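Working through the structure, step by step
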Amino acid sequence: MAVYADMKVDCGPDFVTLMWTESRPQADTSLLRLGSCFPTSFSAGEAYFYVDLTDCNFRILVTGDVLLYSNDLTYVASDDSYNLAFTHPVVCAYERPNDWYSSQQIYDPVFKTYGLGDLQFTIGLMNDDFSGPAEFTSYPLGSIIPIMASVVQKTHQPLLLLLEECVAATTPELHPESTMYPIISNKGCLLESVSSQSKFEPRQKSSEMRLSLQTFTFAMREEVFIHCKLLAWDPNGLDSTKKACHFVKGHGWELLDDLAQSNLCDCCESKCKSRRQRSVASEKHGMVQKAVIGPFTITDVNS
């Protein structure tokens, strides 16, 4: 991106300004979007945004004493365009004010952010349409828990986010004596999809995963935490140990990212092992981050 354009972002107290300077003569700067917002102004080679943090579908996360506002600058290429569509992260970080509580306090238990190298992983409970953080943390048995994980890639090569493993437990840390309930196992197999309505939702972007998890009979009315292992991986390096598979009634196991390669999910009924010897160099194609969601509670339908 740096070869063709320059992006300057100024994070104001309650607004963001962004200037995108484009060097490709065929690029149409009117096709740039900051979240859901159109450019405030644009010309042949520049697009300028002046937006409030409460607009444009900015996502707000809390990590420690930091408020993190994130969004995506996207280029929506037309069908006859020579310029490819792209997505570029936009992030503003602020010190959390001492009086920042009120109704926004709901973000604390449901969203968590983790840094690893130059990658920033986030996972949390969402509302029904995945448009924002969950407003409650109590779910009747049989209802759907929307979960979203993402990775902000900054200057890193494009990566595919995968949920390699997730287990439910009653403790914020896993111990040998912890009671656990497996959700995703065997290197990306959504076990819960076999006997419930749980499924991976279609991707909106490669760096994001959406999971609709149907609640299950586990630790009823107790605090529940979901412990996950997030993997940011080379999108061209999928194999039986780097995948996202869910069971579709009437079809069997399907690969989320490419139905034609669903044979990578065949091992979900046994033991998933890599078919090729991985070298030390191949490990550099991705990074693994452990993360925890919760607490939340699962209640009886009539409670």
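Residues numbered from 1 in each chain as written. Predicted model: local features only at pLDDT ≥ 70, side-chain atom pairs only at ≥ 80, totals over all residues. Heavy atoms only, no water.

Structurally, the position occupied by Leu 230 is in strand β18 (residues 224–233). Expressed as a C-alpha distance, the spacing of Leu 230 and Met 209, which sit 21 residues apart in the sequence, is 9.9 Å. Residue contacts for Leu 230: discarding those within four places in its chain leaves Phe 121, Thr 122, Ile 123, Ala 149, Leu 161, Leu 162, Leu 163, Met 287, Val 288, Gln 289 and Ala 291. (Helix = DSSP H or I, 4+ residues; strand = E, 2+ residues; numbered from the N terminus. Contact = heavy atoms within 4.5 Å.)

Strand order in this open sheet of eight strands is β11-β21-β18-β13-β14-β15-β19-β20, and the pairing throughout is mixed. Every other strand in the sheet has two partners, leaving β11 (138–140) and β20 (252–255) as the edge strands with one partner each. Of the pairings in the sheet, the one linking strand β15 (residues 189–190) to strand β19 (residues 245–248) comprises two bridges and is parallel in character. Counted as the bridge partner of Leu 190 is His 246 from β19. (Pairing = 2+ DSSP bridges.)

Residue Pro 295 is reached from Gly 294 by a cis peptide bond, and omega for that bond is 10 degrees. With respect to the element layout, Pro 295 can be found in strand β21 (residues 287–299). Although it is not a glycine, Phe 130 sits at a positive phi angle of roughly 65 degrees. Classification of Phe 130 as buried rests on a relative accessible area of 9%. Phi at Ala 219 takes a positive value of approximately 50 degrees, unusual for a residue other than glycine. Counting through the fold element by element, Ala 219 comes out in the loop between β17 (208–214) and β18. (Buried < 20%, exposed > 50% of the residue type's maximum accessible area, 1.4 Å probe, protein only.)

Following the criterion strictly, the structure yields seven salt bridges and no others. When the shortest N-O distance is used, the salt bridge between Arg 59 and Asp 72 registers 3.3 Å. Residue Arg 59 is found in strand β6 (residues 59–63), and its partner Asp 72 is found in strand β7 (residues 66–75); the two are separated by 13 residues along the sequence. According to the relative accessible area criterion, Asp 72 is buried, its value standing at 10%. One continuous salt-bridge network, built from bridges that share partners, spans Arg 59, Asp 72 and Lys 205. (Salt bridge = Lys/Arg side-chain N within 4 Å of Asp/Glu carboxyl O.)

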